[in-house]
Amino acid sequence: MPAAIDPEIIDRIRSLRKTLHQHNHRYYVLDDPEISDAEYDRLMRELIQIETDYPALASPDSPSSRVGAPPLAKFDTIAHTIPMLSLDNGFADDDILSFDKRVKRHLNLESEIVYTAEPKMDGVAVELVYENGRLFTASTRGDGFRGEVITANAKTIRAVPIVMRSVDQSVMPSRLEVRGEVFIGIEPFKNWNSERIDQGLPPYANPRNAAAGSLRQLDSKITASRPLEIFFYGVGLVEGYEAESHWELLQALQNWGFRINPLIRPRITIDSVLQYHRELSEQRHQLPYDIDGMVVKVDSLSLQRQLGATSRSPRWAIAYKFEAIQETTVLENIEIQVGRTGVLTPVAHLKPVKVAGVTVSRATLHNEDEIEKKDVRIGDTVLVQRAGDVIPEVVKVIRSKRTGAETHFTMPDHCPVCGSDVVRIEGEAATRCINSSCSAQVKERIKHFASKGALDIDGLGDKLVDQLVDKGLMTSFADLFKLKRETLAGLERMGEKSAENLVNAIEASKRVHFARFLYALGIRHAGEHVALLLAENFGSLEELVGCSQEDLEKIEGIGPVVADSIGGFFKQATNLSNIRSLLDNGVQIVFEAGKKTGPCEGKTFVLTGTLKDMTRRQAKEMITAAGGKVSGSVSRNTDFVVAGESPGSKLQRANDLGVPVIDEAEFKELISS
Ligand code: IVH
């Protein structure tokens, strides 16, 4: 007879399992952790130790099953009680309005139908079966009728409850088949993919493939190491619980510990559905995960039952897809563009193609290494991608379309604009033109100088700068302040009125905040954020010019590379004489008069997510104007994290460290107090 186990051990194992399930739920489902990762790991190690010492106490419900089980030889398959159908697709408002009409016609109803709209996650569908609150099996969608059993893998996903939470025992289903989408976030995907590249492993093409690949590992320990997440969106068969509406069901799921997408819009009219689609298609590029559209569902479950399904898809739901952000086209040529800092960027000239509503005829190829890595050749058929405001890029070559007539591209050894030598510094991907007077560099520097975050000169467009430089009217920043109305009026596409407006705008830009002035200089690695840090830490230009590398590195947020670049910039005689002539030509730098005072005095802020009523830059300016500082990352020294919509990992970190988080309304209140 096996020796009896000390009841204290049994108590401890019970309490550890309960605590770990609870903390897991707080962290992954509620996004509101109570203990540190280290503490969680310590409890998990203690549990695993006890389970190893007392194998008789092993249980499939243990939180320790999240670390993975012994590898399988192959996956079993299982039938879904209710088939996992697919969805009809719509691509325009009209398709959704027709869907609404079809629904009404089918139901013989004239009144407004109530819908619930949800982001359509671009991941992998799974079904989890719970019996009496315990995870029993997990399977993939498969062909919709049968899927592969991936229970051990699903358990490694921390947002998958191993045991359902019982808030109210009376409404706990005895059997619950719950469905959701497994995915990997964009940042975790990038980090993990670049680790793969470093290890010489083939990278995954996108987060969806990575999620699918991770879920189909025979060794669940591999799955456990992948940053998989899940949102739940529906059910199959449910026994012992009944809801009246989809939204009620989703809330019940949430109460039982299943994570649902916070962006779901419950109970809205068809007009609001269309409005929400517009909002979501803007917002999608800021979301930390990929979505490929939204799903519109009739909210009432009794109406859903009346509508039923075709063999392929339910009649009560439709996917309203976003326009594709990737298309294929032919790469006709590769041209070199010379940037502000002399970097030579290869740019693909494409056969024009519509991507997400915009015609794309150029796409960046980044640098020589990228061309080599992707093996891009002139004449290739390529996949191009456009996401948000980002410059379109060539994702990959469609090799099957090669004819053999494609030609290789080689980086020039002279600058295509000024003919000077080009260099590629060891360890850097960029090739640079060494001539800082190269007209391409001069043009880009001036465009940057006049841009929104810098001197913000209205009416000085790119074409005009090109003309001014080409005509020899401008070789440095200071020349801008010498421009005469008559000269400008004589240029192409300029009239008397626009010339006068421009002269006035140039005049008005002369008084400039120190931070904007520093940003305008176009110092390598000194973007708006670094420029703000410099302006906050130095009371005058002389102080900054005379400071040492160590002084710069002492500033939180400035590392050695940035410090080196700033130090180097102010050591160059041409840069100093350029600054001198700006001041000689009437530019007045506005410095902060000593330490600023205001409601944010001495406080450090971190911004995350999208703000509704202001841009990030405006928020930063408001904070500094009120005496506060803005930092790029959350630390124990952060006073407030301002969280807009769809906040990123900074919010998580703030919660981990117990840093106060405020929303946009609270932020505005604080600033104006
Ligand atoms: S509801 C009857 N809701 O889209 C089908 N699906 O094309 C009900 N998906 O296989 C599906 N997000 O993998 C639904 N919020 C969401 C979804 C969603 C992503 C996927 C799911 C499904 C596919 C259908």
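To keep things clear, this report deals only with the structure shown in the data block. Small disclaimer: the values here were computed from a predicted structure and weren't measured.

Now for the overall build of the protein chain. From N to C terminus, the protein chain includes 24 helices and 24 strands. With respect to the three principal axes, the spread of C-alpha positions in the protein chain is 95 × 60 × 55 Å. Counting the 673 residues in the protein chain, one finds 46% classified as buried. Within the protein chain, residue pairs in contact and separated by at least 24 positions form 68% of the contacts whose partners lie at least 6 positions apart.

Before going further, it helps to examine the packing of aromatic side chains. All chains considered together, the criterion is met by 15 aromatic pairs. With a centroid separation of 5.7 Å and 75 degrees between ring planes, the pair formed by Phe231 and Tyr289 is classed as edge-to-face. Remark: Tyr289 occurs in the loop between α9 (270–283) and β10 (291–298) and Phe231 occurs in strand β8 (residues 228–239); sequence separation between them is 58 residues. The exposure class of Tyr289 is buried, given its relative accessible area of 8%. Among the aromatic residues, ring-to-ring pairing joins Tyr130, Phe232 and Phe258 into one connected group.

We now examine the sheet that holds strand β7 (residues 175–184). If you walk across this open sheet you meet the 4 strands as β5-β4-β7-β8, and the pairing is antiparallel. Strands with a single pairing partner mark the edges of an open sheet, and in this sheet they are β5 (134–140) and β8. Each strand of the sheet is rotated relative to its neighbour by a mean of 25 degrees, with strand direction disregarded. Where strand β4 (residues 124–131) meets β5, 6 bridges bridge the pair, whose relative direction is antiparallel. Looking at β5, one finds that Tyr130 is bridged to Leu135.

Attention shifts here to the site of the ligand. Neighbouring residues of the ligand: 13 residues in total, closest Glu118, Met121, Glu181, Tyr233 and Lys297. Pro119 has a polar backbone atom sitting 3.3 Å from a nitrogen atom of the ligand. Within the side chain of Lys297, a nitrogen or oxygen atom sits 3.0 Å from a nitrogen atom of the ligand. Calculation on the ligand without its partners gives an accessible area of 510 Å², and the protein chains cover 86% of this total. Those elements giving two or more residues to the shell around the ligand turn out to be β3 (115–121) and β10.

The next thing to look at is the environment of Gly461. Topologically, Gly461 is positioned in the loop between α12 (439–450) and α13 (462–470). Sequence spacing of Gly461 and Ala450 is 11 residues, and the spatial spacing of their C-alpha atoms is 8.9 Å.

Evaluated as defined, the whole model comprises 40 salt bridges. With a closest N to O distance of 3.7 Å, Asp76 and Lys74 form a salt bridge. Its salt-bridge partner being Arg175, residue Glu131 comes within 2.6 Å of it at the nearest N-O pair. With Glu131 in strand β4 and Arg175 in strand β7, the pair connects residues that are 44 residues apart, well separated along the chain. Judged by its relative accessible area of 31%, Glu131 falls in the partly exposed class. Here the residues in one salt-bridge network are Asp375, Arg377, Asp380, Arg399 and Arg402, joined through shared partners.

The strand order across the open sheet formed by 4 strands is β22-β21-β23-β24, and the pairing between neighbours is parallel. Strands at the two margins of the open sheet, each flanked by one partner only, are β22 (629–631) and β24 (661–662). Running over the sheet, helix α23 (residues 649–657) touches β21 (604–608), β23 (640–643) and β24 and is turned about 135 degrees from β21.

What follows deals with the state of the cysteines. Tallied over the entire structure, the rule returns 0 disulfides. In this model Cys433 remains outside any disulfide bridge; the closest cysteine sulfur is found in Cys418, 3.7 Å from its own.

So, on to helix α1 (residues 7–28). Taking 1.5 Å of rise per residue, the 22 residues of α1 would be expected to cover 32 Å, and the 31 Å separating its terminal C-alpha atoms lies within 8% of that figure. For α1, the set of buried residues is Ile13, Leu16, Arg17, Leu20, His23, Asn24, His25 and Tyr27. Buried residues along α1 sit against α2 (37–53) and α23. Capping of α1 at its N-terminal end is provided by Asp6; its side-chain oxygen lies 2.9 Å from the backbone amide nitrogen of Glu8.

With 58 residues, the main nonpolar core has Phe517, Leu518, Leu521 and Leu534 as its most contacted residues. With 38 residues, the next largest nonpolar core counts Ala154, Met164, Val178 and Ala243 among its residues.

To continue, consider the pairing of β4. In terms of residue burial, β4 counts as a mostly covered element, since 7 of its 8 residues are buried. Pairing analysis gives 8 bridges linking β4 to β7, with the strands arranged antiparallel. Across the sheet, the residue bridging to Val124 is Val182, located in β7. Hairpin geometry of β4 and β5 is characterised by an intervening segment of 2 residues between the two adjacent antiparallel strands and by a positive phi of about 45 degrees at Asn132.

Here we take up the packing of helix α17 (residues 528–537) against helix α22 (residues 616–625). The N-to-C vectors of α17 and α22 enclose an angle of 10 degrees; their axes lie 12 Å apart at closest approach. Taken as axis vectors, α17 and α22 run roughly parallel relative to one another. On α22, the residues that touch Glu528, His529, Leu532 and Glu536 of α17 are Arg617, Lys620 and Thr624. Split into classes, the residues belonging to the contact of α17 with α22 amount to 1 nonpolar, 2 polar and 4 charged.

So, on to the environment of Leu16. Mapped onto the elements of the fold, Leu16 is located in helix α1. The exposure class of Leu16 is buried, given its relative accessible area of 1%. Considered as a pair, Leu16 and Leu43 are 27 residues apart in the sequence and their alpha carbons are 6.8 Å apart. Excluding anything up to four places from it in sequence, Leu16 contacts Leu43, Glu46, Leu47 and Ile50.

What follows concerns helix α24 (residues 664–672). Regarding α24, the residues found buried are Glu664, Phe667 and Ile671. With its buried residues spanning 55 degrees around the axis, α24 presents them on a single face. Facing away from the buried side of α24 by more than 90 degrees, the exposed set consists of Ala665, Glu669 and Ser672. On its buried face, α24 is in contact with β21, α22, β23 and β24. The backbone nitrogen of Ala665 lies 3.2 Å from a side-chain oxygen of the residue at the head of α24, namely Asp663.

Thresholds applied
- Residues numbered from 1 in each chain as written.
- Predicted model: local features only at pLDDT ≥ 70, side-chain atom pairs only at ≥ 80, totals over all residues.
- Heavy atoms only, no water.
- Helix = DSSP H or I, 4+ residues; strand = E, 2+ residues; numbered from the N terminus.
- Buried < 20%, exposed > 50% of the residue type's maximum accessible area, 1.4 Å probe, protein only.
- Contact = heavy atoms within 4.5 Å.
- Phe/Tyr/Trp six-rings, centres within 6.5 Å; stacked < 30°, edge-to-face > 60°.
- Pairing = 2+ DSSP bridges.
- Axes fitted to C-alpha atoms, helices over the stretch in contact; angles between N-to-C directions.
- Near = heavy atom within 4 Å.
- Polar contact = N/O pair within 3.5 Å; in protein donor to acceptor, adjacent residues only side chain to side chain.
- Areas by Shrake-Rupley, 256 points an atom, 1.4 Å probe, with all protein chains shown as cover.
- Salt bridge = Lys/Arg side-chain N within 4 Å of Asp/Glu carboxyl O.
- Disulfide = S-S within 2.5 Å.
- Expected span 1.5 Å × (residues − 1).
- Core = buried A, V, L, I, M, F, W, Y, C linked by side-chain atoms within 4.5 Å.
- Parallel < 35°, antiparallel > 145°, perpendicular 65-115°, else oblique.
- Nonpolar A, V, L, I, M, F, W, Y, C, P; charged D, E, K, R; others polar.
- Arc of directions from axis to C-beta.

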